[in-house]
Amino acid sequence: MTVDQISSVADRPGAAASAGRAQAAGRPRTSMTARRHRAFYMFTSPWIIGFLLLTITPMAYALWLSFTTFDGISPHWRYVGLGNYRELLNDPVTWDALGRAGLFAVTSVPLSIIAGLALAVLINRPVKARGLFRTLLYLPAVVPPVGAGLAFKSLFDPNSGAANGVLTFFGFDAVGWLGDPYARYVLLMTVLWTAGNVMIISLAGLQDVPRELHEAARIDGASAWRTFRSITVPLLSPVLLFQTVTGMIASVQTIMPLLLAPLGDTSGITTVPQSNYLYMMHVFAQYFALGRYGYASALLWVLFVLILIATGLIFKFTSGVVFYNVDPEAKK
Amino acid sequence: MHSQAGAPVSRRRFLALSAGGAVGGAAALSGCALQVSSGVSGSGENVTVMVNSGDILPEQVKQAQEDLGIKIALVKFDITKLIAMLTSGNPPDLVRGVGAVDAPFYAARDVAENLDPYFARSSVLKSDDLDPVNDLWRFDGRTQGKGPRYGMAKDFSQDSMFWYDTAAFDKGGVGYPPETEPVTYEEWLDNAKRLVQRKNGQTTVFGGSFNGLTRSTLLATMTASAGGSLFSDDFSRVDFTTPEARKALTWYIDYCRTKVGPSLIQPDPNGWDGPTYQAGRLAMSNAGYWMGGMIYPDKKLAPVSRLAPAPVFAGGPRISACQGGTGLWMPRRAKNKDAAWRVFEWFFGEEPARARASGGWGIPTLKSLRSLMPDQEDYQKRVLKVQNNELKHFSVVSFTPYTRADAIDALFNQIAPAAMNGQLSVDTLAGRLNSAINEQMKRGKEQVG
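How each quantity is defined
- Residues numbered from 1 in each chain as written.
- Chains lettered and ligands numbered in written order.
- Predicted model: local features only at pLDDT ≥ 70, side-chain atom pairs only at ≥ 80, totals over all residues.
- Heavy atoms only, no water.
- Helix = DSSP H or I, 4+ residues; strand = E, 2+ residues; numbered from the N terminus.
- Contact = heavy atoms within 4.5 Å.
- Areas by Shrake-Rupley, 256 points an atom, 1.4 Å probe, with all protein chains shown as cover.
- Salt bridge = Lys/Arg side-chain N within 4 Å of Asp/Glu carboxyl O.
- Buried < 20%, exposed > 50% of the residue type's maximum accessible area, 1.4 Å probe, protein only.
- Patch = residues over 30% accessible without salt bridge, like charges linked within 9 Å, V, L, I, M, F, W, Y side chains within 5 Å.
- Buried area = accessible area lost by both parts, 1.4 Å probe.
- Polar contact = N/O pair within 3.5 Å; in protein donor to acceptor, adjacent residues only side chain to side chain.
- Nonpolar A, V, L, I, M, F, W, Y, C, P; charged D, E, K, R; others polar.
- Pairing = 2+ DSSP bridges.
- Axes fitted to C-alpha atoms, helices over the stretch in contact; angles between N-to-C directions.
- pLDDT = per-residue confidence, 0-100.
- Phe/Tyr/Trp six-rings, centres within 6.5 Å; stacked < 30°, edge-to-face > 60°.
- Lys, Arg positive; Asp, Glu negative; His and termini not counted.
- Charge placed at Lys NZ, Arg CZ, Asp CG, Glu CD.
- Arc of directions from axis to C-beta.
- Core = buried A, V, L, I, M, F, W, Y, C linked by side-chain atoms within 4.5 Å.

Draft legend 1. Geometry of the overall build of chain A. On a plain count of helices and strands, chain A comes out with 15 helices and zero strands. In chain A, of all internal contacts separated by at least 6 residues, the share reaching a separation of at least 24 is 64%. Carbon and sulfur atoms form 68% of the exposed surface of chain A, whose accessible area is close to 18,600 Å².

Draft legend 2. Summary view of the pattern of salt bridges. Residue and element names in this part refer to chain B. Applying the stated rule across the entire model yields 20 salt bridges over all chains. Of the charged contacts in the structure, one is a salt bridge between arginine 318 and glutamate 390, with a shortest N-O distance of 3.0 Å. Of this pair, arginine 318 sits in the loop between β12 (305-308) and β13 (326-329) while glutamate 390 is found in helix α15 (residues 378-390), placing the two residues 72 residues apart along the sequence. A cluster of three or more residues bridged by salt bridges with shared partners is formed by Asp135, Arg138 and Arg149.

Draft legend 3. Expanded view of the environment of A:Asn276. Residue and element names in this part refer to chain A. By the secondary structure assignment, asparagine 276 is in the loop between α13 (256-259) and α14 (279-289). Relative accessible area serves as the criterion here: at 2%, asparagine 276 is assigned to the buried category. Expressed as a C-alpha distance, the spacing of asparagine 276 and alanine 151, which sit 125 residues apart in the sequence, is 18 Å.

Draft legend 4. Molecular detail of a nonpolar patch on the surface. Residue and element names in this part refer to chain A. Where nonpolar side chains cluster on the molecular surface, the patch consists of Phe304, Val305, Leu306, Leu308, Ile309, Leu313 and Phe317 and spans about 650 Å² of accessible area. With respect to the helices and strands, leucine 308 occurs in helix α15 (residues 293-318). By relative accessible area, which is 51% here, leucine 308 ends up exposed.

Draft legend 5. Seen up close, the interface of chain B and chain A. Contacts between chain B and chain A engage 45 residues on the former and 44 residues on the latter. Across the chain B to chain A interface the summed buried area is about 3,800 Å²; carbon plus sulfur atoms make up 58%. Joining chain B to chain A, the criterion identifies two salt bridges. With a closest N to O distance of 3.5 Å, A:Asp71 and B:Arg109 form a salt bridge. Our count for the contact surface shared by chain B and chain A stands at 13 residue pairs in polar contact (both at pLDDT 80 or more). Mapped by element, the contributors of at least two residues to the side of chain B that touches chain A are α1 (11-34), α3 (79-87), α4 (99-108), β10 (202-205), α16 (405-415) and α18 (426-448) of chain B. Its residues placed into classes, the side of chain B that touches chain A shows 21 nonpolar, 15 polar and nine charged.

Draft legend 6. Quick look at the sheet that holds strand β3 (residues 94-98) of chain B. Residues and elements named next belong to chain B. Within the open sheet, the five strands sit side by side as β2-β1-β3-β13-β6. Their pairing is mixed. Either end of the sheet is taken by a strand with one partner, and the two such strands are β2 (70-76) and β6 (151-153). Averaged over all pairs of adjacent strands, the angle between strand axes in this sheet comes to 25 degrees, irrespective of strand direction. The pairing of β6 with β13 spans three bridges and is antiparallel. Bridge pairing in β13 links glycine 151 to tryptophan 329.

Draft legend 7. The arrangement of the side chain of B:Arg96 in detail. Here B:Arg96 is to be found in strand β3. Here B:Arg96 falls in the buried class, since its relative accessible area comes to 18%.

Draft legend 8. Structural view of the pairing of β13(B). Direction of pairing for β3(B) relative to β13(B): antiparallel, over a ladder of four bridges. Bridging across to β13(B), B:Val95 finds its partner in B:Trp329.

Draft legend 9. Summary view of the confidence of the model for chain B. Residue and element names in this part refer to chain B. Averaged over all residues, the pLDDT of chain B equals 89, while 90% of them reach at least 70. Scored below 50 in pLDDT, residues 17-42 shows 26 contacts in the model against residues more than four places distant or in partner chains. Scored as a whole, the predicted complex attains pTM 0.82, and scored at its interfaces, ipTM 0.79.

Draft legend 10. Fine view of the sheet that holds β12(B). All names here are of chain B. Pairing in this open sheet of three strands is antiparallel, and the strands run β11-β8-β12 from one edge to the other. The outermost strands of the open sheet, each flanked by one partner alone, are β11 (284-285) and β12. Of the strand pairs in this sheet, strand β8 (residues 162-165) and β12 are connected by four bridges, and their pairing is antiparallel. Each residue of the ladder has a partner; that of tryptophan 163, found in β12, is leucine 307. Lying on the sheet, α15 is in contact with β8 and β12; it crosses β12 at an angle near 10 degrees.

Draft legend 11. Local environment of the packing of aromatic side chains. All names here are of chain B. Tallied over the entire structure, the rule returns 49 aromatic pairs over all chains. Relative to phenylalanine 344, the ring of phenylalanine 119 lies with its centre 6.1 Å away and its plane at 85 degrees, an arrangement referred to as edge-to-face. Within this pair, whereas phenylalanine 119 is found in helix α5 (residues 116-121), its partner phenylalanine 344 is found in helix α13 (residues 337-349), the two being separated by 225 residues in sequence. Since its relative accessible area comes to 4%, phenylalanine 119 is described here as buried. Take phenylalanine 344: its relative accessible area is 0%, and that puts it in the buried class.

Draft legend 12. Summary view of unusual backbone geometry. A cis amide bond links A:Asp180 to the next residue, A:Pro181, at an omega of 0 degrees. Positionally, A:Pro181 belongs in the loop between α8 (162-169) and α9 (183-193). Unlike most non-glycine residues, A:Ala129 shows phi in positive territory, near 55 degrees. Residue position: A:Ala129 is located in the loop between α5 (92-123) and α6 (130-142). The backbone of B:Asn200 shows a phi angle near 50 degrees, a positive value even though the residue is not glycine. Its relative accessible area of 38% is what places B:Asn200 among the partly exposed residues.

Draft legend 13. Highlighting a negative patch on the surface. Residues and elements named next belong to chain B. A cluster of like negative charges, contributed by Glu59, Glu66, Asp67 and Glu351, occupies part of the molecular surface. Among the elements that line the negative patch, the one with the most residues is helix α2 (residues 58-68), at three residues. With respect to the helices and strands, glutamate 66 occurs in helix α2.

Draft legend 14. Representation of α2(B) in the model. All names here are of chain B. Among all positions of α2, only Gln60, Val61, Ala64 and Leu68 are buried. Projected down its long axis, α2 carries its buried residues within an arc of 105 degrees, all on one side. Across α2 from its buried face, at more than 90 degrees, point the exposed residues Pro58, Glu59, Lys62 and Glu66. Tucked inside the fold, the buried residues of α2 contact β2, α13 and α14 (351-359). Count one or two residues on from α2 and you reach glycine 69, which has phi positive near 70 degrees.

Draft legend 15. Just the confidence of the model for chain A, in detail. Mean pLDDT over chain A stands at 86; residues scoring 70 or higher make up 87%. Counting contacts from residues 1-17 of chain A, a segment whose pLDDT is below 50, to residues more than four positions away or on other chains yields nine contacts.

Draft legend 16. Representation of the nonpolar core in the model. Judged by nonpolar contacts, the single largest core of 159 residues is most densely connected at B:Trp188, B:Leu249 and B:Trp251. With 31 residues, the next largest nonpolar core counts B:Val49, B:Ile72, B:Phe344 and B:Leu366 among its residues.

Draft legend 17. Quick look at α3(B). What α3(B) keeps buried is the set B:Ile79, B:Leu82, B:Ile83, B:Met85 and B:Leu86. Looking down the long axis of α3(B), one finds its buried residues gathered within 165 degrees of arc, a one-sided arrangement. Buried positions along α3(B) lie against α15 of chain A together with β1 (45-51), β3, α4 and β13 of chain B. Following α3(B) by one or two positions, B:Gly89 adopts a phi angle in the positive range, close to 75 degrees.

Structure, rendered in structure tokens:
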């Protein structure tokens, strides 16, 4: 029912009669439409106020900061116009960090989607103790990132970590896991560690795939792989698109490298090995270690625009391959 | 078009009202926050103190309320929160700071209160009772160590001194460092090389740790030990290419490269020397007297631990600076300055100061409290003797007001690992450090005005 339809309901003779009764009873004349509007706004207002206070206001503040040299403390800041944005374009450290973040996204997102989907397919099968496996596989995803970071840091510590303990037990030399160039692999492992998040969404998608389609394919002689490729994946494509977009956004904003860094203080941001010095590490360093609030805000705004562009491109290039399983009649 | 009673609110108007509500809400929240430290002088007032957990204990807060009639609200120290509070005009009344590096920074930006008038009228903190280390909190607009006082240190150490584990020296067959005369940096490194223990490429016992309180204070102090200064006369630039600074940098890179101790390329998973030293996995720790607070209660570790003077460069002056001098400062826009000062006096001159002095966690910053330093056991007497002798060589190594130590460390952390891994020469490193740090200091100088 549209708003116009609701309005027309209020115009019906019965509605007029009830409005007349309300007037006669001394109550203010309030139409059904007005009440519905009020209810709508009352229910949505907490989110809208929160959005304005906690998203729009900080974003606007950051945009304003990006045109200044503000360091957070000194009263002697000044406007630099687009100076911070110009500097950003000529800063090789920024571009290197952005490049690494992009590489991390195109590596970690497909890996975690593939791993999560594989796990989902496995635990979607009718096996014994399926609930237990689902719980165990999802459990790492509910560990707070700080805890996971500390666990990985201990596990891969070059001198006392279990990873090198296993290597040296078998006669191999210890490896400096938390330094270059190995640190990037440890970072990827921390991402795969939380593949349970992807798994749980993929599992929900898998359970939504009509069973009769699989049965029909089996009767037609399709192999399991063919069935997966031609039925499961197309029907899962909206879920996979969702995971790609949210995964991309999360991966370029990851703070995991910081949790694996040797030092935890403000200056410790730059103790992140170069291979893990991603864009957000650079932003953190500019804000909190160097006190360059203006420049760091410009970096964040550029990232925001790049994420919007990347999201748009993903939607554009996947529009032909994502299959939305909706009833065509429902649009009428 | 005006909305009428009972008429639906348009979406546009609703968003406008929401925006107004958001602004109003923000103002209301800000108003609530302002009430935290407002109040009039007298009994029953509130003072907000931003410190690390452990700086002021909950029972001390309770006691202060009974003794002083002042309610202390503790806020966990966080530089980002501090900046937000300063920016919003609602700073804490007292803030934790590292005198060696923070005092000139905050004083130059005019956000710290000149405490000279308060000291002048205090009957608890008298000028002639203040240890010279408190000069770290003085800044005359150009040089640290001179001019008005902007804060005070709660305790201190001469941070280039080092503890050593005699058991590790015995095991390695290495002679103990002398307790009256300093070893040279070269001898220290040589000892560390002999004491380090490795197996299958893993370091099982670090020979020694020498990282200072921060990399910037370490290198500034070491450059002073080599007879030079890391900073230019007006503190607006660093120069790592001078012979003295290069000597300090070369030694430190060599220390990291040889992997005898924790460094950026071989981090200690514990994050600091204490637990590693306690576990017998570190033979020498450049931690200064304050680590006695951790060593003394350990009855196995204390008797085998000794303190040695700060190393020197061969032919260089004997300098034993404090790289910390952590204490409190009062923001200029603090709302409750008189009550804050009373808490300041209590924290630095009364019960908390006495508790710190007797615990061994650093040297008291009032000369009158020195007698409380632990000396009941033989090992404590021995350590205290070394420490008292070292005080003769105390000096203030001035730091720049144009940037925070964290910023210099952050840039160093980014550039130096390549040199530590042998991919960059010390000369190239020195040039790159000069370029990056001087750029940061140039921006800082502009901010100071």
